[in-house]
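This is what each chain is made of:
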Amino acid sequence: AISLGLSASLQLARIQTDSVVTMLRELYPDLHFEIAVAMSTTGDKILDTALSKIGEKSLFTKELENALEKNEVDLVVHSLKDLPTSLPPGFTIGAICKRENPLDAVVFHPKNCGKTLSLLPEKSVIGTSSLRRAAQLKKKFPQLQFRDIRGNLNTRLKKLDEKEDFSAIILAAAGLKRMGWEHRIGQLLDPEDCLYAVGQGALAVEVRAKDQEILNMVSALHDADTVLCCIAERAFMKRLEGGCSVPVAVSSLLKDGQLYLTGAVYSLDGSDSLKETMQTSVKYPHQNEDGPNDDVQHVGITAKNVPSQAQEAAENLGVELANLLLSKGAKHILSVARQLNDTC
């Protein structure tokens, strides 16, 4: 039996894990898959403090990785955006599934049904747990107010619908769609309005790096285009040393063998920002590469069925874009944002 671990308190985690199990069962009908462990992560438990105040992305992964390390489970399904760009030793992302819509979505209070952010009354309060979203939208919609809102999707929607505290909340479109709540999306935010989070909309399957049998099995789930986009995005984030506590945002597109990456950094109030776009070719043939090169990780991802040269090109693109922003002053913007976030 192949055991999977997931976060206990999140209905979305169960839906995401079930979707991966369904794909694996179709590929390996003779294997038995069981969701063996459900546990609450630190990030799920602490709901009265902004994410940016209580730590980094490992908040949502550490307990699950402990179960993986102890062989209590064989693989763990995550939202890729929850995984840090450097995984603990002994772990790797063995699969990245085809990406769902990566855009941010606005869900409006029932009284504001049919409106857009630009049509809301002045000083309307918008709920978001993301510094990235708040920084971009404060600049775009200075007449609106932004306030932190925590909890899983069910909790946040309940807070929106049953109280008058928020006129709207911002959520990832992918999560809403997976939960079957696509009808609640009142407005999709174009990347021109709001660049999205690194890895947003993609599911990652984390495994033990040395477990070749499991690694080979899950690698069939890799979506090559999604892998290359996410390698570039994660390399950009890693080079900037970004995380939950600073506003870093991206948008990526793979078209006709060209990978386009837009990346940006923002001050907390959005008044100061840097944004650039770069591209590279990722058109390389797949070669059968036997030996140690099979297990080369690119920002925590092992993708045997994606050409290694393409992965290198994607990673280099992310690093080069980050270097461009750093040369223009990104380090100062991010360090000020980090300091302000620590003190406010």
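Going by the structure above, here's the rest.
As the structure is a computational prediction, the values presented were derived from the model and not from experiment. (Residues numbered from 1 in each chain as written. Predicted model: local features only at pLDDT ≥ 70, side-chain atom pairs only at ≥ 80, totals over all residues. Heavy atoms only, no water.)

Visitor: Can you walk me through the nonpolar core in this structure?
Guide: When a protein is soluble and globular, its nonpolar side chains tend to lie buried together. In terms of nonpolar packing, the biggest core is built from 46 residues, with F236 and V265 touching the most fellow members. Those elements that provide at least two residues to this core are β4 (91–96), α9 (224–240), β11 (248–255), β12 (258–266), α10 (308–327) and α11 (330–343). In terms of residue count, the dominant contributor to this core is α9 (10 residues). By size, the runner-up hydrophobic cluster in this structure holds 18 residues, among which are I2, L75, A95 and C97. (Core = buried A, V, L, I, M, F, W, Y, C linked by side-chain atoms within 4.5 Å. Buried < 20%, exposed > 50% of the residue type's maximum accessible area, 1.4 Å probe, protein only. Helix = DSSP H or I, 4+ residues; strand = E, 2+ residues; numbered from the N terminus.)

Visitor: Got a minute to help me understand the sheet that holds β11 in this structure?
Guide: Hydrogen bonds between backbone groups are what pair the strands of a sheet, and the pairing can be parallel or antiparallel. As summarised here, the arrangement of the three strands in space is β11-β12-β13, forming an open sheet in which the pairing is antiparallel. The sheet terminates laterally at β11 and β13 (273–281), the two strands that pair on one side only. Here the average twist between neighbouring strands, direction ignored, is 10°. Here β12 runs beside β13; their pairing, made up of nine bridges, is antiparallel. Counted as the bridge partner of G263 is E276 from β13. Along the sheet, helix α5 (residues 131–140) contacts β11, β12 and β13; its crossing angle with β11, the most-contacted strand, is approximately 90°. With respect to the sheet, α9 is in contact with β11 and β12, its orientation differing from that of β11 by roughly 150°. (Pairing = 2+ DSSP bridges. Axes fitted to C-alpha atoms, helices over the stretch in contact; angles between N-to-C directions. Contact = heavy atoms within 4.5 Å.)

Visitor: Please explain α5 as it appears in this structure.
Guide: An α-helical segment advances 3.6 residues per turn. Residues three or four places apart therefore align on the same side. With seven of 10 residues buried, α5 is to be regarded as a mostly interior element. Turning to α5, its buried residues are L131, R132, R133, A134, A135, Q136 and L137. The opening residue of α5 is S130, an N-cap whose side-chain oxygen sits 3.2 Å from the backbone nitrogen of R132. (Polar contact = N/O pair within 3.5 Å; in protein donor to acceptor, adjacent residues only side chain to side chain.)

Visitor: Is there a simple way to think about the pattern of salt bridges in this case?
Guide: Charged atoms that come close allow side chains of opposite charge to pair. On inspection of all chains with the given rule, the structure shows 11 salt bridges. Here R133 and D104 are joined by a salt bridge, their closest N and O atoms 2.8 Å apart. Of this pair, R133 sits in helix α5 while D104 sits in strand β5 (residues 104–108), and the two are 29 residues apart along the sequence. Each member of the pair, R133 as well as D104, is classed as buried. For the salt bridge of R184 with D161, the shortest nitrogen-to-oxygen distance reads 2.9 Å. Of this pair, R184 sits in the loop between α7 (173–178) and β9 (187–189) while D161 sits in helix α6 (residues 153–162); the two residues are 23 residues apart in sequence, bridging distant segments of the chain. A relative accessible area of 29% places D161 in the partly exposed class. (Salt bridge = Lys/Arg side-chain N within 4 Å of Asp/Glu carboxyl O.)

Visitor: Explain unusual backbone geometry here, please?
Guide: With the exception of glycine, the majority of residues adopt a negative phi angle, and the majority of peptide bonds are in the trans configuration. One non-glycine residue, N71, adopts positive backbone phi at about 65°. Turning to its location among the elements, N71 is positioned in the loop between α4 (62–69) and β3 (75–79). A positive phi angle, near 70°, is found at K123, a position not held by glycine. Locating K123 in the fold gives a position in the loop between β5 and β6 (125–127).

Visitor: I tried to follow the sheet that holds strand β7 (residues 145–147) on my own but got confused; where do I start?
Guide: In spatial order, the strands read β7-β6-β8-β5-β9; together these five strands make up an open sheet with mixed pairing. Looking at strand neighbours, the two that pair on one side only are β7 and β9, the edges of this open sheet. Within the sheet, the average angular offset between the axes of one strand and its neighbour, ignoring direction, is 30°. The pairing of β5 with strand β8 (residues 168–172) spans five bridges and is antiparallel. In the sheet register, D104 faces β8, and the bridge partner there is A172. Strands in contact with α5 are β5, β7, β8 and β9; relative to β8, the strand with the most contacts, it is inclined by about 130°. The strands that α6 touches are β5 and β8; relative to β8, the one it contacts most, it runs at about 165°.

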